Amino acid sequence: MNPLRLPKDLSSTEALGHLDRRASLLAQNVLHLVILPTEQCNFRCTYCYEDFALGRMSEGVSQGIRRLLQTRAPNLDRLTLSWFGGEPLAAYDRVEEIQGFAAHLGQSHPRLKLRGEITTNGYLLSQMRFEKLLSLGVKVFQISLDGPQEIHDQKRLRADGSGTFQRIWSHLQAISEVTGDFEVILRLHVDRENHLAMRKLLRQIAATFGKEPRFRLFIRKLSRLGGANDAQLPVLVGIDGEKIVRDLRSEAASLGLSLKEPEKGESICYASATNSFVIRSNGAISKCTVALTDSRNLLGRISQDGSLEIDADKLNGWARGLLSGNSEELRCPLQGLPQLALARPVAMAT
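Please read these numbers as outputs of a predicted model, since none were measured by experiment. (Residues numbered from 1 in each chain as written. Predicted model: local features only at pLDDT ≥ 70, side-chain atom pairs only at ≥ 80, totals over all residues. Heavy atoms only, no water.)

Draft legend 1. Just the packing of aromatic side chains, in detail. Tallied over the full model, the rule gives six aromatic pairs. Aromatic side chains F165 and W169 sit 5.4 Å apart centroid to centroid with 15 degrees between the ring planes, which places their arrangement in the stacked category. A residue pair is termed a helical-turn pair when its members lie 3 or 4 positions apart in one helix, as F165 and W169 do in helix α6 (residues 165-176) at four residues. When the ring of W169 is compared with that of F209, the centres are 5.1 Å apart and the planes differ by 55 degrees; the resulting orientation is tilted. In this pair, W169 sits in helix α6 while F209 sits in helix α7 (residues 198-209), placing the two residues 40 residues apart along the sequence. Of the two residues, W169 and F209, neither departs from the other in class, the shared state being buried. An aromatic cluster is built from F165, W169, F209 and F215, whose rings are joined through pairwise contacts. One residue, R129, lies across the ring of Y92, its end atom 4.4 Å from the ring centre. (Phe/Tyr/Trp six-rings, centres within 6.5 Å; stacked < 30°, edge-to-face > 60°. Helix = DSSP H or I, 4+ residues; strand = E, 2+ residues; numbered from the N terminus. Buried < 20%, exposed > 50% of the residue type's maximum accessible area, 1.4 Å probe, protein only. Lys NZ or Arg CZ within 6 Å of the ring centre and 35° of its normal.)

Structure representation (structure tokens):
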């Protein structure tokens, strides 16, 4: 096996830190699961790339995840459960069921550090649900806003075509009153149509949440990720787009808002890790939450008994950047990944 390579142009201390990070992505005492409890959604965002072909997670898949966690827990130091969808809160009971089981395991195994995080549109995130999830170890909540109400409601619509901003905003206000240690990441998608209106949204956020350090902004350009409307999306391109995002970040900082800063050093996608898996609502195992229909992204399945059947060749392909040190393979392991048939399934010990 090739040794892990140190990143270039870093001090020795920084390089060792990055080496430790890459080593942790291979570690057997760490497990990261991205769980899709449903792949249905109550929104129809104009830029969404998902096809909503799959529905709610069955009891058999949920049981398989819980048995996997139970088997692995005694030998884990870190367990991260990332909730994704569809809209994960459209299957809230599944989230509570599995997250609650993991929280119980954490109490039974004191060395196990549990981290829960959820990407949600916020429409179903009532204060009561928020407090329950917080009590079960979900500490990070990512919610998207695409401008002030008159802009947001044109882009992030409900499935029936109605607007969503006001209900999301009322939930954010209620959440800000909750005591406890948590982080709300407000993800702002910037494009050609909304970048001027984003300044109004920044002022609105500052007026309402400006003194709340638990609320942070993640400002990024809108991307084409393979959705049906990709060709029509008003994405920002080139240097001008980068400048618009930088200017918005500067304005947010001048308003006293907290920003989620990009990680320093090499960018490593979670999909590169050998201890990170996406478990879809039908029990299929993938690596990436974007390329859901790509055959390279189907590695195997989880069984009801908690065992994993994974194609070893495909897994090695996704993890190749950890050994090569190639920055592009680490940043997006799907790029340049060859097509392979699901030909070498390996029943992995759980």
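Draft legend 2. Fine view of the environment of R67. Along the chain, R67 falls in helix α2 (residues 59-72). Residue classification places R67 among the partly exposed positions, given a relative accessible area of 37%. In this structure R67 touches Q304, D305 and G306, once residues within four positions along its chain are discounted. (Contact = heavy atoms within 4.5 Å.)

Draft legend 3. Structural view of the side chain of S286. Tracing the backbone through its elements, the reader meets S286 in strand β9 (residues 284-286). Here S286 falls in the buried class, since its relative accessible area comes to 1%. Contacts of S286, omitting those with residues within four sequence positions, involve F277, V278, R280, N297 and L298.

Draft legend 4. Quick peek at the packing of α2 against helix α3 (residues 92-108). Packing of α2 against α3 brings their axes to within 10 Å, and their N-to-C directions diverge by 15 degrees. Comparing the axis directions of α2 and α3 gives the class roughly parallel. Here α2 and α3 pass one another in a crossing that is right-handed. Contacts from E59, S62, I65, R66, L69 and Q70 of α2 reach α3 at R94, E97, I98, F101, A102 and L105. Residue classes in the contact of α2 with α3 are distributed as six nonpolar, two polar and four charged. (Axes fitted to C-alpha atoms, helices over the stretch in contact; angles between N-to-C directions. Parallel < 35°, antiparallel > 145°, perpendicular 65-115°, else oblique. Left-handed = near helix turned anticlockwise from the far one by under 90°. Nonpolar A, V, L, I, M, F, W, Y, C, P; charged D, E, K, R; others polar.)

Draft legend 5. Up close: the environment of L202. Locating L202 in the fold gives a position in helix α7. With relative accessibility at 1%, the residue L202 sits in the buried group. Residues within four places of L202 in sequence aside, it is in contact with L188, L217, I219, L248, E251, A252, L255 and L257.

Draft legend 6. Highlighting the pattern of salt bridges. Considering all chains together, one arrives at 20 salt bridges under this definition. The shortest N-O distance in the salt bridge between E150 and K200 comes to 2.9 Å. Of this pair, E150 sits in helix α5 (residues 149-155) while K200 sits in helix α7; the two residues are 50 residues apart in sequence, bridging distant segments of the chain. What makes K200 partly exposed here is its relative accessible area of 40%. Note that R216 is salt-bridged to E183, the shortest N-O span being 2.5 Å. On the criterion of sequence distance, the pair formed by R216 in strand β6 (residues 215-221) and E183 in strand β5 (residues 183-190) is long-range, its members being 33 residues apart. With a relative accessible area of 17%, E183 lands in the buried category. Among the ionic contacts, a cluster of salt bridges with common partners joins E59, R66, R94 and E97. (Salt bridge = Lys/Arg side-chain N within 4 Å of Asp/Glu carboxyl O.)

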